[in-house]
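The primary structure of each chain is shown beneath.
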Amino acid sequence: MDAERSATEPRGTALRRAVWRVAGAAGLALAALVAARSLALLPAIIAGAAVAAAALWALRAAPAAEAEPAGPASGDPVTGPVATPVLDALAALTGALPEPAIVLDSNAVVVAVNAAALAIAPGLRRGEHALLTLRMPAVVEAVRRALATGEAQRAEFSERVPVDRWYAAHIQSAGMVAGYRRPLFLLALHDLTPIRRVEEMRADFIANASHELRTPLAALSGFIDTLQGPARNDVAARDRFLAIMKSQAERMARLIDDLLSLSRIERDVHIQPDEPVTLAPVLRQVVDGLQLLAQERHVAVELEAGEDVVVRGDRDELLRLFENLIENGLKYGASGKKVVITLARITNAAGGTEARVTVRDFGPGIAAEHLPRLTERFYRIDVGHSR
């Protein structure tokens, strides 16, 4: 009965009961020794006072022991039957977060960690010291500052393997949590990679656009100086220079048109076109317009468009799209001596119909490492090719 009662009653109540039993047993023992004349009265009184003082101290500590939250002792792993529900709840909450998150206690011991954080730091384990596993010096230093001061800290770090990625680490105190002995801290990692790549693309765009415009502008400025100086009265040189100047001006116009087209596409990216466009005439118009370039490159262009396929789209944008694809095939696949354009109606996985346009050249192709960057503005695989 006593065992069952002690298993179900609160910790403080059980401690009081044990103290009274020990004190009572000690008092009876002292009284028996005095009655048997084995112990003098004065030493017995002193020993009884000591037992009473110890009992009072234990009883005073009992309420604190009863209210003390469960949790691991210093240096112990995060285990124990009382702390398990708290740990499970923290693990569930952390696992529900979309971004990498780690819960630490004030000793930098991992209390909970989600799968996203394990993908970045696979060595993290619940109950183990985080600072021994984290290999990011900036994050380790931020965690130490936060644990020492209790103030929120921020740090940035990057990874180069397998690909370049940038992160911002935020660590902030979560305070005391019922059922856990030490203060808790949340370490959250935010992926900065998309922002950094946009910044790099913006910088590359400005640099490349400036370079593309600087070349024809320098040519125009040089020819103007020549025409105003040594070639002022040279009719033949003037006609030749004017033709080159016209070519350079057209190059700048094409570049500006490309920039305006990109800006318009980005502006209207979320606007779905509703104009019905028949693709076969669009493709024939593009092929006819590029025949001169095909003849100069000695490339045969074959168009296979058996049936008319109608799609919803912007005719001008479709013309530009197919013109870019076919022109690239003529320029960079000229060694294959042939470009084949195929238009077909296909059935997709959902049972609907789609239009498929394939532009195939027989040139050297594009290396796999360049494929992720093909849609970047001004990106070119061979820097020797220019407009």
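Everything below is about the structure shown above.
To keep things clear, this report deals only with the structure shown in the data block. (Residues numbered from 1 in each chain as written. Predicted model: local features only at pLDDT ≥ 70, side-chain atom pairs only at ≥ 80, totals over all residues. Heavy atoms only, no water.)

1. Describing the overall build of the protein chain
Piece 1. Within the protein chain one finds 11 helices and 10 strands.
Piece 2. Going through the 387 residues of the protein chain one by one, you find that 27% of them count as buried.
Piece 3. As displayed, the protein chain has an accessible area near 24,200 Å², and 58% of this comes from carbon and sulfur atoms. (Helix = DSSP H or I, 4+ residues; strand = E, 2+ residues; numbered from the N terminus. Buried < 20%, exposed > 50% of the residue type's maximum accessible area, 1.4 Å probe, protein only. Areas by Shrake-Rupley, 256 points an atom, 1.4 Å probe, with all protein chains shown as cover.)

2. Some points on the packing of aromatic side chains
Piece 1. Per the stated rule, a full pass over the model turns up two aromatic pairs.
Piece 2. On the basis of an interplanar angle of 20 degrees and a centroid distance of 5.3 Å, the ring pair of Phe157 and Tyr167 is categorised as stacked. With Phe157 in strand 3 (residues 153-159) and Tyr167 in strand 4 (residues 165-175), this residue pair connects regions lying 10 residues apart in the sequence.
Piece 3. Of the residues examined, Phe157 reaches a relative accessible area of 9% and is grouped as buried. (Phe/Tyr/Trp six-rings, centres within 6.5 Å; stacked < 30°, edge-to-face > 60°.)

3. Brief notes about the sheet that holds strand 3
Piece 1. Across the sheet, five strands lie side by side as 2-1-5-4-3; this open sheet has antiparallel pairing. In the strand order of this sheet, the two ends are held by strand 2 (110-113) and strand 3, each with one partner. Across this sheet, the average inter-strand angle for adjacent strands is 20 degrees, counted without regard to direction.
Piece 2. Pairing geometry for strand 1 (residues 101-105) and strand 2, over three bridges, is antiparallel. The partner of Leu104 across the bridge, within strand 2, is Val110.
Piece 3. Taken strand by strand, helix 6 (residues 137-149) contacts strand 1, strand 3, strand 4 and strand 5 (184-191), and its axis lies near 165 degrees from that of strand 3. (Pairing = 2+ DSSP bridges. Axes fitted to C-alpha atoms, helices over the stretch in contact; angles between N-to-C directions. Contact = heavy atoms within 4.5 Å.)

4. Side note on the pattern of salt bridges
Piece 1. Going through the model one piece at a time under the given rule, you end up with five salt bridges.
Piece 2. A salt bridge links Asp105 to Arg182; the nearest nitrogen and oxygen atoms lie 2.7 Å apart. In this pair, Asp105 is assigned in strand 1 and Arg182 in the loop between strand 4 and strand 5, connecting sequence segments 77 residues apart. No difference in accessibility class separates Asp105 from Arg182, as the two residues are buried.
Piece 3. For Arg196, the salt bridge is made with Glu156, and the minimal N-O distance between the two is 2.7 Å. Here Arg196, found in helix 7 (residues 193-228), pairs with Glu156, found in strand 3; they are 40 residues apart in sequence, far enough to count as distant.
Piece 4. Residue classification places Glu156 among the partly exposed positions, given a relative accessible area of 36%.
Piece 5. One connected set of salt bridges, linked through shared partners, spans Arg154, Glu156 and Arg196. (Salt bridge = Lys/Arg side-chain N within 4 Å of Asp/Glu carboxyl O.)

5. Remarks on the sheet that holds strand 10 (residues 353-361)
Piece 1. Here three strands make up an open sheet; going across it, the order is 7-9-10 and the pairing mixed. With one partner strand each, in any of the chains shown, strand 7 (300-305) and strand 10 form the two edges of the open sheet. Neighbour-to-neighbour, the strand axes of the sheet open up by a mean angle of 15 degrees, direction not taken into account.
Piece 2. Sheet topology places strand 7 next to strand 9 (residues 338-347); six bridges connect them, and they run parallel. Within strand 9, the position partnered with Val301 by the bridge is Val339.
Piece 3. Packing against the sheet, helix 11 (residues 315-332) makes contact with strand 7, strand 9 and strand 10, and its axis sits at approximately 25 degrees to strand 10.

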